[in-house]
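What follows is the residue order along each chain.
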Amino acid sequence: MIKLKQKWKNQRLWVKLTFMVLITVALTVSVLYLSLTNRIYEATQTQEEEQLLSIAEIVAAQPLVIQTLSNGATNPEVQTYANQITETYQLDFVVVMTMDRIRLTHPDPEKINAPFQGGDEEDALSGQETTSIAQGTLGQSLRAFVPVFNAENVEIGVVAIGIKTTTLASIAKKTMQPFSISFAVSLLFGVAAADETPSMMGAEAARRALAMAGWEPGDIDVLIGTCGVMEQPIPG
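Residues numbered from 1 in each chain as written. Predicted model: local features only at pLDDT ≥ 70, side-chain atom pairs only at ≥ 80, totals over all residues. Heavy atoms only, no water.

Undergrad: Can you walk me through the confidence of the model for the protein in this structure?
TA: Parts of the model with low pLDDT should not have their predicted coordinates read in detail. When pLDDT is averaged across the protein, the result is 77; 63% of the residues are at 70 or more. Segment residues 191-195 is flagged for pLDDT under 50; beyond a separation of four residues in sequence, or across chains, it makes seven contacts in the model. The low-confidence segment residues 222-234 (pLDDT under 50) makes 30 contacts with residues lying over four places distant or belonging to another chain. (pLDDT = per-residue confidence, 0-100. Contact = heavy atoms within 4.5 Å.)

Have a look at this one:
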């Protein structure tokens, strides 16, 4: 009877210790997962900013855009061109604006010839390329601004393109999917030997998750853009 009680006591202790270790591992991996998520979101935003600037530079150099801004009035051709860029590169807007901040293009035709909103275009109106996150008529968005110059190198307007922050979050989430699955699998199947500490178990789970996703730790800072911005030809 005494042996039976001792055995039951040992089993209860083993269950408690096992439960504590599992909780510790889960917390460790969760912290690593959240840290990785934040890092991937930041890297995705940086990647998108670079891609948006690249497209805006090409749009700003288009003769049609330059001529439209020189004339100071919108026309069906430039609106069609802006819509083509928006659709081809899965953007949320392409706006060509004058030095007075008047939109000559916009996804919503009713907002053409109305002032640009956001207040983050000031640097671009002073000849600088910039990116920012601001609130506009379409909601909060990540935007890129590139000034437009005429043949005499005089600034005549600005090209503003962007994606909503909800779109940015979706891109980051899609990038994170392989890691989410890998972390879950690592936890389900276990990664530890009997002599491993919880921190070692969590670190090993993170390493296995990266390996299952086909990544090296150093690859996190070299994200490949998932929206395929520069893989498409620019409409002429």
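From this point, the discussion proceeds with the structure in view.
Undergrad: Is there a simple way to explain the pattern of salt bridges in this structure?
TA: Applying the stated rule across the entire model yields four salt bridges. For glutamate 121, the salt bridge goes to arginine 101, with nearest N and O atoms at 3.1 Å. Of the two residues, glutamate 121 is situated in the loop between β1 (93-98) and β2 (130-136) and arginine 101 in the loop between β1 and β2; the sequence distance between them amounts to 20 residues. A salt bridge links aspartate 108 to lysine 111, with the nearest nitrogen and oxygen atoms 2.9 Å apart. Each of Arg101, Glu121 and Glu122 takes part in salt bridges that share partners, so that together they form one network. (Salt bridge = Lys/Arg side-chain N within 4 Å of Asp/Glu carboxyl O. Helix = DSSP H or I, 4+ residues; strand = E, 2+ residues; numbered from the N terminus.)

Undergrad: I keep staring at the packing of helix α2 (residues 63-71) against helix α3 (residues 76-88) and nothing clicks. Help me out?
TA: Helix packing for two helices is described by the angle between their axes and how far apart those axes are. Packing of α2 against α3 leaves a shortest axis separation of 10 Å and a crossing angle of 135°. The orientation of α2 relative to α3 falls into the category oblique. Remark: the crossing between α2 and α3 carries left-handed chirality. Facing Leu64, Val65 and Thr68 of α2, the residues of α3 in contact are Glu77, Val78 and Tyr81. The class makeup of the residues in the contact of α2 with α3 is four nonpolar, one polar and one charged. (Axes fitted to C-alpha atoms, helices over the stretch in contact; angles between N-to-C directions. Parallel < 35°, antiparallel > 145°, perpendicular 65-115°, else oblique. Left-handed = near helix turned anticlockwise from the far one by under 90°. Nonpolar A, V, L, I, M, F, W, Y, C, P; charged D, E, K, R; others polar.)

Undergrad: Help me out: how do you make sense of the packing of aromatic side chains in this one?
TA: To describe a pair of aromatic rings, you give the distance between the ring centres and the angle between the ring planes. Counted by the stated rule, this structure contains one aromatic pair. An angle of 80° between the planes, with centres 5.8 Å apart, marks the rings of phenylalanine 116 and phenylalanine 145 as edge-to-face. A residue pair is termed long-range when its members are at least 10 positions apart, and phenylalanine 116 in the loop between β1 and β2 and phenylalanine 145 in strand β3 (residues 139-149) qualify at 29 residues. For the pair phenylalanine 116 and phenylalanine 145, one class covers both residues: buried. (Phe/Tyr/Trp six-rings, centres within 6.5 Å; stacked < 30°, edge-to-face > 60°. Buried < 20%, exposed > 50% of the residue type's maximum accessible area, 1.4 Å probe, protein only.)

Undergrad: Which parts of the structure should I look at to understand the environment of valine 154?
TA: Position of valine 154 among the secondary structure elements: in the loop between β3 and β4 (155-164). C-alpha separation for the pair valine 154 and glycine 127, spaced 27 residues apart in sequence, amounts to 9.3 Å. Residues contacting valine 154, with those up to four places away along its chain left out, are Val148 and Phe149.

Undergrad: Could you clarify how one ought to interpret unusual backbone geometry in this entry?
TA: Leaving glycine out, the prevailing phi sign among residues is negative, and the prevailing peptide bond configuration is trans. Phi at asparagine 113 is positive, roughly 75°, even though this residue is not glycine. Take asparagine 113: it is sitting in the loop between β1 and β2. Unlike most non-glycine residues, asparagine 153 shows phi in positive territory, near 65°. Within the secondary structure, asparagine 153 sits in the loop between β3 and β4.

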